[in-house]
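Fold and contact review
Chain residues, written in single-letter form:
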Amino acid sequence: MYLKKNIFSTFIVITFFVSLISTKTVASDFDVDSLFSKLTLEQKIGQIIFAIPQKNDSELKSLGRENKLGGVIFSQNCSKNSFTYFSNLNKLPNKVPVLIGSTSQQSINCLDPNFSLLPDRYNLSAINSNIFTFNIYQEIGKINNKLNLDVYFSNSLSIKKDKGFYHYGFGDDVINVLKNNHAAIKGLHQKSILTGTTLSYDFDYKKVDDNIKNILTQLVKDNIDILKASREDFETPIFRKEFIDQLKDSLNYNGLIASGDLALGINASLTVDNAIHALQNGHDVIALSAYYTEVIKGIALGIKKGKVDTILINKNVRKVLELKAKKKSYITNYTPKEDLKAIKADTYEKSVTVLNNTDSIIPLPSLNKTSYQLVSIGLKGHEDSFGNTLKMFVDYDYHRIEQPSFSTSQVNLLFESCKNKDIVIVNIVCHQESSKHRYGVSYATEQFIEQLQHKTKVIVILHGAPDGLRYLDKSQNTIINYSTDKYAQEASAQVIAGSISGNGKLPITITPNFVVNKGDKIKNVGRLGYGQPNQVGIDGNKLNYLIDSIANHAINIEATPGCQIVVAKNGKIVFEKSYGYFTYEKETPVTNQTVYDIASVTKVAATTQALMMLDYQDSINVNNSLDHYITNTDTTNKGDIKLIQFLTHTAPLKGGYYFWGHVYDRDKKEYNPTYISPYKKKGFTVEVTPDLYASDTIKNAMWDWLLASPISTRRRYTKSVYRYWYSDLGYYFLQRVVEKEANTSIDKYLAKNLYEPLGTRTLGYLPLKRINLNRIPPTEMDINYRQCLIKGIVHDPSADLMGGVAGHAGVFSNAHDLAILMQMNLQKGTYGQHQFFDETTLNNFNRQPYTRFKNRRALGWDKPPLKGDEGNTSPLAPKSTFGHTGFTGTCAWVDPTNSIVYIFLSNRVYPTARNNKLAKENIREGIQSAIYQAMGEELPQ
């Protein structure tokens, strides 16, 4: 077996040592009294200056070296040079440390471009659980620790005034705001990050309503560390003295009170005056983006002239020094990148808000019987993550508009392309957050949607600030996810597709139609979706590493020229990847859209499915004999064989039948003209290859040959049960039963009643009727019968002789669509608002009736090996697992215990089926083992 534990020793050792790193805090080592006594007046004044660095600020660096700076707070237009400088400065001995802070996640991203923005504010407040807020802010705390940042200012905690009305960061629902504020502060504090936010500069505690008082009071109770005045309407960001007195005296606030940036847009003299005024009002620290030295000297002069109280300055300095004394450096378990992806994906999924669903088209009622148009607006050169995800579920015509606004000619073009569509989906990506730009929703967009709704059904999705909803008030089917992030867009697409639920609530009131807490509960309909491995308890790094290693090994040793792999857990595809090429000539790479011949997986993807559906409808009973359904078999040696014997390979049948012996003389290399023609003509319309056509009577002839064939004389356990012998022949009989009871061919029955309702686009027989040949890899160079390279037609010669539709072979698919079918079986017969069969039916077919005879097979399904049996599954797969393998190098396995679907497709038979390396190296089983290893299980010794 290729997969052995020692192959992963390096990976495991690395993981082990990473896990040894535990959380540890180390306090800064200096005595406040001793340090305070050594500071000069200007150094003391410098301690109450919190600078906002601008590019390469040499003056600021000089003040830091001279211990004349309390802190530096980096905005989203950060100076990386200054950040590096002060980070290194804090490592020097005998220096008064400078508090380093950030004003937002954007500023953290500026300092560290590898940091990926996490969901915040409206995405968090749209979820009816503040555990997400706590987790996100813990992660923000961790990245602050990693970057040696001490302070984080959260805009989500703010109380600001706009046009005379107060707004809270987490929305309009006060109870929700209180819960999220508490969770955010707690998350940061647990990582020892000082937490700050902004309040309206003219805040008056006595005049505001009780809701605002409650929010501010709770911030104080939650020990928020810094309250900073916000700049509004170009006013000087200084709190009123009365408010500061209320904070300190009435609310017993002991944190730092900071001014806003007092240097913005004014000269040095006025900045100095404002700084002195702020101190007189009771501010503890002064925020500045310029004129640092002038302010320090100006305050010193103010002290000398009696304008500034020395006692007050000393008190403020001590408060800052005490915070610095508590400063902690962290060695911590930083969250792995894959875990962060999972946290982001999970949060964005939970925040999707369906504001209305007037036409009941969310989720989409049909994936392949409806015509769709997607119009994505405002992408500005970015990837269309929404569109890419939606394409995993439906085909659509596409129109992409880069800017928020567009011309009349573009509008006319849009109307023309949309006029015959059943549903038009408009994806608005709002990178604008200002009212000047209508928050990214242009007038052209607004008018286009309003007019289009008179012609067809329209779903509108807004990605970005909810303020843009004011221009979408007439939208009839509306979704919002409050971010342009890739994962937010993917989540919105999945709600529309019905793979995840939409349970978010609008955090703020925008219009009378879009009010706070509005949001329809939209349940998912059980369609297979997408997610991150770590969302479902799988180590994503390990999974990728192990599967990549095995798949690449298979290709390197030429076990197969290429392959597709899908792993799904808990209804989410967490791994979907293609490897290699169609052939060893490496001309055409395998993609996720490549379509493979799945060979004997057809037995469970077609015939067994049809029988389960007919059983559910009481049309068949597996305990009945063949002649119960095909009456003319009652005089043959096959008529009394029960269907269950065919399904479990316990019928007295040989392994196969040499049908081609009737139509081809291998010695003379001649085809029998009774059954085969080199070209299509009257009476010969069954295409075997483009150069071979079988007689229209070939199926009946094959049926007659099969009925006349002798039965096996192998060991018999009971009257009807023979020793297990794997055989394709039983599926010829089962196909006839299905077609008799369904009153149509098996391919048409399954296409109409299973594959189309599932929403699959590649799964089915006769692929060339719906799939371009260029998407299908070749299988074998058939030198025995068909004398050509087999591509786009079934590899199995006997199934091909039947016209490509057989009970044991003939189905083609990509891994994604086959996973959908297996997911339906995992879900006990339900998928996308369809009930194909029920749990009782599944249990009936998934039972193992003959284990006492050392037969592991269920009805149609293969199962994990019995004791002493080799089998086709990983040794880690539980006994509940069911699925099948295919001769071309394929497998499909369902694990109900762990809610896992695993698909592997390849064309290992190219150019010859004699290549058996895939089986010898246990490639398929090894990849299945990798799934369980990534879940923490170990292979047996």
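Residues numbered from 1 in each chain as written. Predicted model: local features only at pLDDT ≥ 70, side-chain atom pairs only at ≥ 80, totals over all residues. Heavy atoms only, no water.

- Labelled according to an unreviewed UniProt entry, the protein appears under the name Serine hydrolase, originating from Flammeovirga pectinis.

1. Focus: the overall build of the protein
- Scanning the protein from N- to C-terminus turns up 31 helices and 35 strands.
- Projected onto its principal axes, the C-alpha coordinates of the protein cover approximately 120 × 65 × 50 Å.
- The 941 residues of the protein split such that 60% are buried.
- Considering only contacts within the protein whose residues lie at least 6 apart along the sequence, 71% involve residues at least 24 apart.
- Surface exposure of the protein reaches about 38300 Å², of which carbon and sulfur atoms provide 48%.
- For the protein, the distance from the average site of its 108 positive side-chain charges to the average site of its 91 negative ones is 3 Å. (Helix = DSSP H or I, 4+ residues; strand = E, 2+ residues; numbered from the N terminus. Buried < 20%, exposed > 50% of the residue type's maximum accessible area, 1.4 Å probe, protein only. Contact = heavy atoms within 4.5 Å. Areas by Shrake-Rupley, 256 points an atom, 1.4 Å probe, with all protein chains shown as cover. Lys, Arg positive; Asp, Glu negative; His and termini not counted. Charge placed at Lys NZ, Arg CZ, Asp CG, Glu CD.)

2. Observations regarding the pairing of strand β35 (residues 900-906)
- Summarising burial for β35: seven of the seven residues are buried, a large majority.
- Side chains Ile900, Tyr902, Phe904 and Ser906 project from β35 onto one buried face, and the interleaved Val901, Ile903 and Leu905 project onto a second face that is buried too.
- Strand direction decides the pairing type here: strand β20 (residues 562-569) and β35, joined by seven bridges, are antiparallel. Residue pairing for β35: Val566 is matched across the bridge by Ile903.
- Judged from the five bridges that link them, strand β34 (residues 890-895) and β35 form a sheet pairing that is antiparallel. Across the sheet, the residue bridging to Cys891 is Phe904, located in β35.
- Count of turn residues in the β34/β35 antiparallel hairpin: four residues, of which Ser899 carries a positive phi of about 55°. (Pairing = 2+ DSSP bridges.)

3. Notes on the UniProt feature "domain: Glycoside hydrolase family 3 N-terminal" (unreviewed entry) in the protein
- Taking the UniProt record as the reference, the feature "domain: Glycoside hydrolase family 3 N-terminal" (unreviewed entry) is found at residues 244-323.
- Secondary structure across residues 244-323 comprises 60% helix and 12% strand; the distance between its end C-alpha atoms is 20 Å. (UniProt positions renumbered as here; feature names shortened; annotations may be inferred.)

4. A short note on helix α24 (residues 698-708)
- Residues Ile698, Ala701, Met702, Trp703, Trp705, Leu706 and Leu707 constitute the buried set of α24.
- In this structure, the buried residues of α24 make contact with β26 (686-689), β27 (692-694), α25 (729-742) and α27 (797-801).

5. Quick word on the domain arrangement of the protein
- Domain annotation of the protein identifies domain 1 (32-327), domain 2 (340-522) and domain 3 (545-935).
- Between domain 1 and domain 2, the C-alpha centre-to-centre distance is 37 Å.
- Between domain 1 and domain 2, the residue contacts involve 17 residues of the former and 21 residues of the latter.
- Buried surface at the junction of domain 1 and domain 2, both sides included, amounts to about 1500 Å², of which 65% is carbon and sulfur. (Domains from an automatic or database assignment. Buried area = accessible area lost by both parts, 1.4 Å probe.)

6. Here we look at the pattern of salt bridges
- Counted by the stated rule, this structure contains 30 salt bridges.
- For Asp869, the salt bridge goes to Arg856, with nearest N and O atoms at 2.6 Å. A residue pair is termed long-range when its members are at least 10 positions apart, and Asp869 in the loop between α29 (839-846) and β33 (882-886) and Arg856 in the loop between α29 and β33 qualify at 13 residues.
- Overlapping salt bridges, with partners in common, bring together Glu42, Glu66, Lys68 and Lys297 in one network. (Salt bridge = Lys/Arg side-chain N within 4 Å of Asp/Glu carboxyl O.)

7. As for the nonpolar core
- Ile425, Leu818 and Ile903 are the most contacted members of the largest nonpolar core, which totals 130 residues.
- Residue-level mapping places this core at the junction of two domains, with at least three residues from each of domain 2 (340-522) and domain 3 (545-935).
- Setting aside residues no more than four positions away along its own chain, Leu818 makes contact with Ile598, Val601, Ala605, Leu763, Ser813, Ala892, Ile903 and Leu905.
- Ranked by size, the runner-up nonpolar core spans 99 residues in total, among them Val151, Ile226, Leu247 and Leu321. (Core = buried A, V, L, I, M, F, W, Y, C linked by side-chain atoms within 4.5 Å.)

8. Comments concerning the sheet that holds strand β18 (residues 477-481)
- The mixed open sheet is built from six strands, whose spatial order is β13-β18-β17-β16-β14-β15. Two strands lie at the open edges of the sheet, namely β13 (353-357) and β15 (397-401), each paired on one side alone. Looking at each pair of strands side by side, their axes are set apart by 15° on average, direction ignored.
- Bridge analysis of strand β14 (residues 372-377) against β15 gives five bridges, and the strand direction is parallel. Bridge pairing in β15 links Gln373 to Asp397.
- Along the sheet face, helix α18 (residues 443-452) touches β14, β16 (423-429) and β17 (457-463) and points at about 165° away from the line of β16. (Axes fitted to C-alpha atoms, helices over the stretch in contact; angles between N-to-C directions.)

9. Section: the side chain of His795
- By the secondary structure assignment, His795 is in the loop between β29 (788-791) and α27.
- Note on His795: relative accessible area 7%, which makes it buried.
- Those residues within four positions of His795 in sequence are excluded, and the remaining contacts are Asp597, Thr779, Glu780, Arg786, Ile790, Phe887, Thr888 and Val909.

10. Remarks on the side chain of Thr478
- Relative to the helices and strands, Thr478 resides in strand β18.
- What Thr478 contacts, discounting residues up to four positions off in sequence, is Thr353, Val354, Leu355, Asn356, Val460, Leu469 and Phe514.

11. Points about the environment of Ala184
- Topologically, Ala184 is positioned in helix α9 (residues 174-189).
- Look at Ala184 and you get buried, because its relative accessible area is 0%.
- Measuring from C-alpha to C-alpha, the distance between Ala184 and His553 comes to 47 Å, with 369 residues separating the pair along the chain.
- Residues within four places of Ala184 in sequence aside, it is in contact with Thr133, Tyr137, Leu157 and Phe170.

12. Quick word on the UniProt feature "domain: Beta-lactamase-related" (unreviewed entry) in the protein
- The sites that carry the UniProt feature "domain: Beta-lactamase-related" (unreviewed entry) are, in the present numbering, residues 559-917.
- Regarding residues 559-917, the helix share stands at 25% and the strand share at 18%, and the terminal C-alpha atoms are separated by 5 Å.

13. Considering the state of the cysteines
- On inspection of all chains with the given rule, the structure shows one disulfide.
- A sulfur-sulfur separation of 2.0 Å characterises the disulfide bridge that pairs Cys78 with Cys110. A torsion of -85° about the S-S bond marks the disulfide between Cys78 and Cys110 as left-handed. Note that Cys78 is positioned in the loop between β3 (71-74) and α5 (80-89) and Cys110 in helix α6 (residues 105-111), a separation of 32 residues in sequence. Like Cys78, the residue Cys110 is buried in the burial classification. (Disulfide = S-S within 2.5 Å.)

14. Some points on unusual backbone geometry
- Residues Ile362 and Pro363 are joined by a peptide bond in cis, for which omega reads 0°.
- Following the sequence through the fold, Pro363 ends up in the loop between β13 and β14.
- Following Tyr910, the chain continues into Pro911 via a peptide bond in cis, with omega recorded as -5°.
- When you line up the elements, Pro911 lands in the loop between β35 and α30 (917-920).
- You will see that His649, though not glycine, has its phi angle at about 60°, which is positive.
- By secondary structure assignment, the location of His649 is in the loop between α23 (643-648) and β23 (664-665).

15. A word on a nonpolar patch on the surface
- Together, Met781, Ile783 and Leu789 make up an exposed nonpolar region whose accessible area comes to about 260 Å².
- Looking at the element boundaries, Met781 is found in strand β28 (residues 778-782).
- Assessed through its relative accessible area of 38%, Met781 is described here as partly exposed. (Patch = residues over 30% accessible without salt bridge, like charges linked within 9 Å, V, L, I, M, F, W, Y side chains within 5 Å.)

16. Observations concerning the sheet that holds β35
- The strand order β19-β21-β20-β35-β34-β33 describes an open sheet built from six strands, whose pairing is mixed. With one partner strand each, in any of the chains shown, β19 (529-530) and β33 form the two edges of the open sheet.

17. A look at the packing of aromatic side chains
- Tallied over the full model, the rule gives 22 aromatic pairs.
- Here Tyr664 and Tyr671 contribute two aromatic rings whose centre-to-centre distance is 4.7 Å and whose plane-to-plane angle is 40°, an arrangement assigned as tilted.
- Given a relative accessible area of 5%, Tyr664 falls into the buried group.
- Following the ring pairs from residue to residue traces out a cluster consisting of Tyr166, Phe203, Phe239 and Phe243.
- Taking the ring centre of Tyr205 as reference, the NZ or CZ of Lys213 above it sits at 5.6 Å.
- Directly above the aromatic system of Tyr396 lies the positively charged group of Lys391, at a separation of 4.3 Å from the ring centroid. (Phe/Tyr/Trp six-rings, centres within 6.5 Å; stacked < 30°, edge-to-face > 60°. Lys NZ or Arg CZ within 6 Å of the ring centre and 35° of its normal.)

18. Points about the environment of Phe684
- Tracing the chain through its elements places Phe684 in the loop between β25 (676-677) and β26.
- Phe684 sits 402 residues away from Gly282 along the chain, and the two C-alpha atoms are 99 Å apart.
- Those residues in contact with Phe684, other than ones at most four positions away along the chain, are Pro673, Thr674, Tyr675, Ile676, Ser677, Tyr679, Tyr693, Ala694, Ser695 and Asp696.

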